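# Report on the structure
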Amino acid sequence: MYLPINPLKKWLLQMALCLFAIVVFTPTFVSSQEHLGHGHLKKGMELYKSGDYKEALGKFFEALKVFPSDSDIYLYIGLTYQKLDETENAIYSLQSALELDDENLEAHSQLGAMLNLKGKYKDAVGHLERVWESEPEREDLGLLLGMAYYNLAQYEKALNYLKAGKATDRTSRSLTLYYTALAEQQLGLTEEALVKLEEIVTYDPTSPAAPLAIKFIEVLKVERRVKKRFGLELFGRAGYDDNVMSVPTTNEFSLRERGQDSYFESASLTARFLPF
């Protein structure tokens, strides 16, 4: 059973991406104070932080004219394009950053998050795992990898990353619990999934994941009741075969006539429906 999550998918991924952007938007490029490009870069960062993304983009491009081989400037351009909802341009800019410096972990993390958003999960995990190899403690990285692997139907890998990842923000923690529950349910761990979902509702009832968790809890409880009923039915049928007891317990039940139900058999079938 798959619980649809498409209505919130884009919001969840954008939220995770924004958390990255806040953390990584610290200039690593350092040059002479007299250099014209540094002034453009500094002004671009100020405009970005104030939310004036179009003006910031212009300043970053001015800085790029001076430093055409600087990978970090392409990173900042990519972040700015993402804020302007120009995802394709953002992806292209981040790819350009990595062409200049394949060790740029910030570019890998941002590109991985954006590819997640585009539904390109296989490509996303390649970049995100590059970051994981060096910085597994990076906040929300486990969440992003878990989301990607869940959508690739690799539920055990998704669980590994979700459990090992770091999510200190309340909303991120709720999303981690939610995707953990989704993966556990797919692996048949219904009881474990219910614990995670109930924790979301208790821990962070205002989270965007909380309404989904409530609905998912209802679905899993129905599923659990159905499995319980099915299990009792199987148990009732396991006691006999062609009107001869598999394991006779008394002489009375050792031999029975064909076509005649025993008292034991009728009682078992009746007991199946008692919990409902």
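The text that follows walks through the structure, step by step, so that each part is easy to find. (Residues numbered from 1 in each chain as written. Predicted model: local features only at pLDDT ≥ 70, side-chain atom pairs only at ≥ 80, totals over all residues. Heavy atoms only, no water.)

### Observations regarding the nonpolar core
- Within the largest apolar cluster, 37 residues are counted, with the highest numbers of intra-cluster contacts made by L145, Y150, Y178, Y179, L197, I200 and F216.
- Of all the secondary structure elements, the ones that give two or more residues to this core are α7 (121-134), α8 (141-151), α9 (155-164), α10 (170-186), α11 (190-203) and α12 (209-237).
- Broken down by element, this core gets its largest block of residues, 8 residues, from α8.
- Within the second largest apolar cluster, 26 residues are counted, among which are L47, L64, I77 and M114. (Core = buried A, V, L, I, M, F, W, Y, C linked by side-chain atoms within 4.5 Å. Buried < 20%, exposed > 50% of the residue type's maximum accessible area, 1.4 Å probe, protein only. Helix = DSSP H or I, 4+ residues; strand = E, 2+ residues; numbered from the N terminus.)

### Some points on the packing of aromatic side chains
- All chains considered together, the criterion is met by 9 aromatic pairs.
- Ring plane angle 65 degrees and centroid distance 5.3 Å describe the contact between Y48 and Y53, whose orientation is recorded as edge-to-face.
- Measuring from ring centre to ring centre gives 5.4 Å for Y150 and Y155, while their planes differ by 55 degrees; the resulting arrangement is tilted.
- Given the relative accessible area of 3%, Y150 is considered buried.
- Of the aromatic side chains, those joined through ring pairs into one cluster are Y150, Y155, Y178, Y179 and F216.
- Taking the ring centre of Y203 as reference, the NZ or CZ of R170 above it sits at 4.6 Å.
- Cation over ring: R173 sits above Y203, and NZ or CZ is 3.9 Å from the ring centre. (Phe/Tyr/Trp six-rings, centres within 6.5 Å; stacked < 30°, edge-to-face > 60°. Lys NZ or Arg CZ within 6 Å of the ring centre and 35° of its normal.)

### Some remarks on the packing of helix α4 (residues 71-83) against helix α5 (residues 87-100)
- Contact geometry for α4 and α5: axes closest at 8 Å, N-to-C directions at 165 degrees. Between α4 and α5, the angle falls in the class roughly antiparallel. For the pair α4 and α5, the crossing hand works out as left-handed. Residues S71, Y74, L75, I77, G78, Y81 and Q82 of α4 touch α5, and the partners they reach there are N89, A90, S93, L94, S96, A97 and L100.
- Looking at the contact of α4 with α5 residue by residue, the classes come out as 8 nonpolar, 6 polar and no charged. (Axes fitted to C-alpha atoms, helices over the stretch in contact; angles between N-to-C directions. Parallel < 35°, antiparallel > 145°, perpendicular 65-115°, else oblique. Left-handed = near helix turned anticlockwise from the far one by under 90°. Contact = heavy atoms within 4.5 Å. Nonpolar A, V, L, I, M, F, W, Y, C, P; charged D, E, K, R; others polar.)

### Let's talk about unusual backbone geometry
- For D140, which is not glycine, the phi torsion reads 70 degrees and is therefore positive.
- With respect to the helices and strands, D140 occurs in the loop between α7 and α8.
- Of the residues examined, D140 reaches a relative accessible area of 2% and is grouped as buried.
- A positive phi is found at A153, a non-glycine position, where the angle reads about 65 degrees.

### Focus: the pattern of salt bridges
- Per the counting criterion, the structure on display carries 9 salt bridges.
- Here K65 ties to E62 by a salt bridge, and the two come within 3.3 Å at their closest N and O atoms. With K65 and E62 both in helix α3 (residues 53-66), this residue pair falls 3 residues apart, about one helical turn.
- Judged by its relative accessible area of 63%, K65 falls in the exposed class.
- Classification of E62 as partly exposed rests on a relative accessible area of 32%. (Salt bridge = Lys/Arg side-chain N within 4 Å of Asp/Glu carboxyl O.)

### A closer look at helix α2 (residues 36-49)
- Between the first and last C-alpha of α2 there are 21 Å, a value that for 14 residues agrees with the 20 Å anticipated at 1.5 Å per step.
- Among the residues of α2, G37, H38, H40, L41, G44, M45, L47 and Y48 are the ones counted as buried.
- Taken from the residues just after α2, G51 is the one with a positive phi, measuring 90 degrees. (Expected span 1.5 Å × (residues − 1).)

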